[in-house]
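# An overview of the molecular structure
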Amino acid sequence: MALNRKQMFHGVLFCVLILSLSAAAFADTKVLARWSQMKSYKDNFGGELDVRATYYSAEYIEALVKQEAEKNLWTSNETDQYKYQLLSGLSLDEYIPIHIEFDNRGPTMHLAPFDSFLTLWVGKNKLTPVDFDKRFNFSFQGKRDGLVFFPRYDNKGKSYLEGVKTIRFAMTGAISSVTINLSTLDFVWDVVRDNPEALYTGRAAARLELDRLIKRIEKLNAEKRELEGKLSEVNAELDTITNRVEELQRQ
């Protein structure tokens, strides 16, 4: 009887554990779906196009890192390495990156120049890409994906996202004959609760900070060398003028 109770107890614990893991996995899936949105389109001639756009919020990145770690059975060090590489590639300290995926099962898409099809509305600010995966400039059928980068700060260094509740990423319908009758393909995200600073904790964040500080040191050293060069020129000119003044005073 005691053994049966013990077995039942372990069985209940096992069920609770499975349910907890399932609930956690479901929560992560909801987070991923919230920030990675897909829209599907069809035309009257059998053409189909799926477009997915992903905004890299803090909770999306954390859920993605967790999902990849669990799927690949990574150690803590491997997880930190993945997060470090992900954050390095996204350059969140400078840009607003958006990942785009196309699955084109229709006529060939011609997207050059690709940035002319894209707009990011952040509040009243209309932003255009500063960089993007150049493979988008080549015509294609089937699948293609890559990153597009929009500026995060204005000319005065203020974040475009500051005080903004939602952002809208828009592609013109002219990206494909399947969507030619649409003015835009819109993806909207609620960013008011996003907290990018939450990402910069732990070992991955420390490595990123170290990278930034090293780059800052290199920039300051370059500025220092430039200023020292200018100072040397000024001192040389000052010596020349001083010597000439002394010559004239002796006459």
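Note: the structure precedes this text.
Conventions adopted
Residues numbered from 1 in each chain as written. Predicted model: local features only at pLDDT ≥ 70, side-chain atom pairs only at ≥ 80, totals over all residues. Heavy atoms only, no water. Helix = DSSP H or I, 4+ residues; strand = E, 2+ residues; numbered from the N terminus. Buried < 20%, exposed > 50% of the residue type's maximum accessible area, 1.4 Å probe, protein only. Contact = heavy atoms within 4.5 Å. Pairing = 2+ DSSP bridges. Axes fitted to C-alpha atoms, helices over the stretch in contact; angles between N-to-C directions. Core = buried A, V, L, I, M, F, W, Y, C linked by side-chain atoms within 4.5 Å. Phe/Tyr/Trp six-rings, centres within 6.5 Å; stacked < 30°, edge-to-face > 60°. Lys NZ or Arg CZ within 6 Å of the ring centre and 35° of its normal.

### Here we look at the overall build of the protein chain
A tally of regular secondary structure across the protein chain gives four helices and nine strands. In sequence order, the protein chain lays out its α and β elements as α-β-β-α-α-β-β-β-β-β-β-β-α. Per-residue burial over the protein chain gives 34% buried out of 251 residues. Within the protein chain, counting contacts between residues at least 6 apart in sequence, those at least 24 apart form 64% of the total.

### With respect to the sheet that holds strand E4 (residues 118-122)
In a beta sheet, neighbouring strands are held together by backbone hydrogen bonds and run either parallel or antiparallel to one another. Taken together, four strands build an open sheet; the order of strands is E5-E4-E8-E9 and the sheet is antiparallel. Each of the sheet's edge strands pairs with one partner strand only, and the pair in question is strand E5 (125-127) and strand E9 (184-190). For this sheet the average axis-to-axis angle between neighbouring strands, irrespective of direction, equals 20°. Pairing between strand E8 (residues 166-172) and E9: seven bridges, direction antiparallel. What sits directly across from threonine 166, in E9, is aspartate 190.

### Here we look at the sheet that holds strand E6 (residues 131-132)
In spatial order, the strands read E1-E2-E3-E7-E6; together these five strands make up an open sheet with antiparallel pairing. Each having just a single partner strand, strand E1 (36-42) and E6 make up the two edges of the open sheet. In the sheet, strand E2 (residues 48-55) pairs with strand E3 (residues 95-109) via eight bridges, with the strands oriented antiparallel. Looking across to E3, one finds that glutamate 48 is bridged to arginine 105.

### A short note on the nonpolar core
With 51 residues, the main nonpolar core has Ile100, Phe102, Phe169, Met171 and Trp189 as its most contacted residues. Of all the elements, helix H2 (residues 58-72) adds the most residues to this core, at six residues.

### What about the pairing of E1?
For E1 and E2, the ladder comprises seven bridges, and the chain directions are antiparallel. Residue pairing across strands places glutamine 37 opposite alanine 53, the latter belonging to E2. Connecting E1 to the next strand, E2, in antiparallel fashion are five residues, including glycine 46 with a positive phi near 90°.

### So, the packing of aromatic side chains
All told, the structure shown has 13 aromatic pairs when counted by the stated rule. Judged by centre distance (5.7 Å) and plane angle (80°), the ring pair of tyrosine 56 and tyrosine 60 falls under edge-to-face. Taking the centre distance of 6.5 Å and the plane angle of 15° together, the rings of phenylalanine 187 and tryptophan 189 count as stacked. For the residue pair phenylalanine 187 and tryptophan 189, the accessibility class agrees, reading buried in each case. Taken together, the ring pairs in this structure connect Trp35, Tyr55, Phe150, Phe169, Phe187 and Trp189 into an aromatic cluster. Stacked on the ring of phenylalanine 187, the Lys or Arg lysine 39 has its end atom at 5.4 Å from the ring centre. The cationic tip of lysine 134 hangs over the ring face of phenylalanine 132; the distance from NZ or CZ to the ring centre is 4.4 Å.

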